[in-house]
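Take a look at the letters that make up each chain.
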Amino acid sequence: MPMDPIPDLATLSLAEIARLVAERRLPPVEKWNPTHCGDSEMRIARDGTWFHQGSPIGRESMVRLFSTVLRREPDGSHVLVTPVEKLDIAVEDAPFVAVEMKAEGEGRDARLAFRLNTGDLVTAGPDHALRFVERDDGPHPYLHVRGGLEALVSRAVYYDLAERAIEGGNAGGGDKPGIWSGGVFFPIEPTA
């Protein structure tokens, strides 16, 4: 099954992005409960690079395919799951990285769409929250993707978010700086 090419976010409107997201059909991994089969010998590094047996997976189409059968378990671990097998996969931080952002509108009417390193498109809003975690090396923003899976927002995209928050003030979010997307205000306020 060939994978569609990764879209160029800059050339798409948010309406086109919403259409592409609606057309994407992901496997129903949340319904599959096969017996645990062991370790996949795969790892997703903090920068979003996928490895198998210590070597980076160079075929983008393979990474995109594997990402469609990735699931987060109730205990926080990650697995690759099919109808007949379930294999552990190590994830250093988040399994995805938000590498690009497109914004339309201002204030409460703003919508922010993100392209992930796997080519997936996600629009922040009620079902795809942004959250900020404070660590020793500074704030780490995350975007909910699906089923407990998150994308670490890249540093460059985080700077774009911070700039929007500064330019827009709190834009109705009380006394906290933050950003709006999809009718939801996301405070840029790290939690421990």
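One can find the structure itself at the top, above this paragraph.
Okay, so let's go over this structure.

Once that is clear, we can look at unusual backbone geometry. Unlike most non-glycine residues, Glu41 shows phi in positive territory, near 60 degrees. Locating Glu41 in the fold gives a position in strand E1 (residues 36–44). What makes Glu41 partly exposed here is its relative accessible area of 47%. If you check the backbone angles, Gln53 has positive phi at about 50 degrees while not being a glycine.

Okay, the pairing of strand E8 (residues 111–116) next. Counting buried positions along E8 yields five of six residues, so the element is predominantly enclosed. Note: strand E7 (residues 96–104) against E8, six bridges, orientation antiparallel. The partner of Met101 across the bridge, within E8, is Phe114. With three bridges joining them, E8 and strand E9 (residues 121–123) adopt antiparallel strand pairing. What sits directly across from Arg115, in E9, is Leu121.

Take the sheet that holds strand E10 (residues 130–135) next. The pairing of strands in a sheet comes from backbone hydrogen bonds and takes either a parallel or an antiparallel form. Taken together, the six strands give an open sheet; going across it, the order is E9-E8-E7-E12-E11-E10, and neighbouring strands pair in mixed fashion. Lying at the two open borders of the sheet, with one neighbouring strand each, are E9 and E10. This sheet shows a mean twist of 40 degrees between the axes of neighbouring strands, independent of strand direction. Looking at chain direction, strand E11 (residues 138–146) and strand E12 (residues 149–153) are connected through four bridges and run antiparallel.

What follows deals with the nonpolar core. Counting 36 residues, the largest nonpolar core has Trp50, Leu70, Phe114, Leu130, Val153 and Ile179 as its most contacted members. Counting residues per element, this core draws most heavily on helix H3 (residues 155–167), which supplies four residues. In contact with Leu130, not counting residues within four places along its chain, are Phe114, Ala124, Tyr142, Leu143, Val153, Ile179 and Phe186.

Cut-offs used in this document
Residues numbered from 1 in each chain as written. Predicted model: local features only at pLDDT ≥ 70, side-chain atom pairs only at ≥ 80, totals over all residues. Heavy atoms only, no water. Helix = DSSP H or I, 4+ residues; strand = E, 2+ residues; numbered from the N terminus. Buried < 20%, exposed > 50% of the residue type's maximum accessible area, 1.4 Å probe, protein only. Pairing = 2+ DSSP bridges. Axes fitted to C-alpha atoms, helices over the stretch in contact; angles between N-to-C directions. Core = buried A, V, L, I, M, F, W, Y, C linked by side-chain atoms within 4.5 Å. Contact = heavy atoms within 4.5 Å.

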